[in-house]
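# What the coordinates show
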Amino acid sequence: MGHGGNIIEELKVDHREVEAMFDKINALPLGDPRRREVADEFTIELVRHSVAEEMYLYPAVRERVAGGEAMADKELEDHSTVEGLLKKLEGMDVKRSEFDTLVAGIITEVTGHVADEENRLFPALAAACTPAQLDELGEKIRSAKDRAPTRPHPAAPSTPPMNKILAPGAGLVDRARDMLSGRGRS
Ligand SMILES: [Fe+2]
């Protein structure tokens, strides 16, 4: 779901939403099955956000920002670290202590990544683009993200395409990414 505004405003709202999901999971007792639901929720949101950034933010940074290649490479590396952790988490029993260790690791990684983007990458992009260019990128990001619903809700799995993403079994990260990026679409 789009929030309106330019690419930086749009992505910052995503960041705040993910942080709210982290607060939500941290507020639940360890082993509580609702932690699994929140984990699935932030997994889909993080994949959705990552795909949108990879499609439009990093190419723009590479093209317009001096030193943008190195910045974009670093952010992509962060994404693949987080995605590796999310993949481990998707098959993990909520009752196991590894579940909690993975959640803590994901929160640390994502929090660092968000701070880096907001403090370094976004200001550099803002300085290198006109307001109209930032607005246009915001539109593109919104349409990329709109390819999948934001929040898997207990009521949602009966409705396609969320039922496909949340079908039982491992592979949530890959299924969400395929759906959003159009990868493997025939
Ligand atoms: Fe981001």
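The rules behind each value
- Residues numbered from 1 in each chain as written.
- Predicted model: local features only at pLDDT ≥ 70, side-chain atom pairs only at ≥ 80, totals over all residues.
- Heavy atoms only, no water.
- Donors = N, O, S within 2.8 Å, 3.2 Å for Na, K, Ca; no water.
- Tetrahedral: all angles 85-135°; square planar, octahedral: opposite > 155°, others 65-115°.
- Helix = DSSP H or I, 4+ residues; strand = E, 2+ residues; numbered from the N terminus.
- Buried < 20%, exposed > 50% of the residue type's maximum accessible area, 1.4 Å probe, protein only.
- Core = buried A, V, L, I, M, F, W, Y, C linked by side-chain atoms within 4.5 Å.
- Contact = heavy atoms within 4.5 Å.
- Expected span 1.5 Å × (residues − 1).
- Polar contact = N/O pair within 3.5 Å; in protein donor to acceptor, adjacent residues only side chain to side chain.
- Salt bridge = Lys/Arg side-chain N within 4 Å of Asp/Glu carboxyl O.

What follows covers the coordination of the iron ion. For a metal bound by four donors in a tetrahedral arrangement, the ideal donor-metal-donor angle is 109.5 degrees, while six donors in an octahedral arrangement ideally sit at 90 or 180 degrees. Surrounding the iron ion are the protein donor atoms H15 (NE2), H49 (NE2), E53 (OE) and E117 (OE), at 1.9 to 2.3 Å. Here the iron ion is ringed by four donor atoms whose angles at the metal span 83 to 163 degrees, and the overall shape comes out irregular. When the donor residues of the iron ion are listed from N- to C-terminus, their spacing reads H-x33-H-x3-E-x63-E. Pair noted here: E53 is in helix α2 (residues 33-64) and E117 is in helix α4 (residues 97-128), with a separation of 64 residues, a long-range link. Taking the relative accessible area as the measure of exposure, E53 reaches 0% and is therefore buried.

If you look at the biggest cluster of nonpolar residues, it comprises 27 residues, and the most contacted ones within it are F22, F42, L46, L89, I106 and V110. Elements represented by at least two residues in this core include exactly α1 (7-27), α2, α3 (68-90), α4 and α7 (172-181). For this core, the element with the highest residue contribution is α4, accounting for seven residues. Those residues in contact with L89 that sit more than four places away from it in its chain are R36, A39, F42, F99, L102, V103 and I106. The next biggest cluster of nonpolar side chains, apart from the first, holds 19 residues, and it includes I7, L57, M71 and I141.

Every α-helical turn comprises 3.6 residues, leaving residues that sit three or four positions apart pointing alike. Here α1 spans 31 Å end to end across 21 residues, near enough to the 30 Å set by a 1.5 Å rise per residue. Elements that come into contact with the buried residues of α1 comprise α2, α4 and α5 (131-145). Capping of α1 at its N-terminal end is provided by N6; its side-chain oxygen lies 2.9 Å from the backbone amide nitrogen of I8.

Right, let's talk about the pattern of salt bridges for a bit. Within this structure, the stated rule accounts for 19 salt bridges. Notably, a salt bridge pairs K24 with E41, separated by 3.3 Å at the nearest N-O pair. Of this pair, K24 sits in helix α1 while E41 sits in helix α2, and the two are 17 residues apart along the sequence. A salt bridge links E136 to K140, with the shortest nitrogen-to-oxygen separation between them at 3.8 Å. Residue E136 and its partner K140 are located together in helix α5, separated by four residues, close to a single helical turn. One salt-bridge network, in which partners are shared between bridges, spans K74, D78, D116 and R120.

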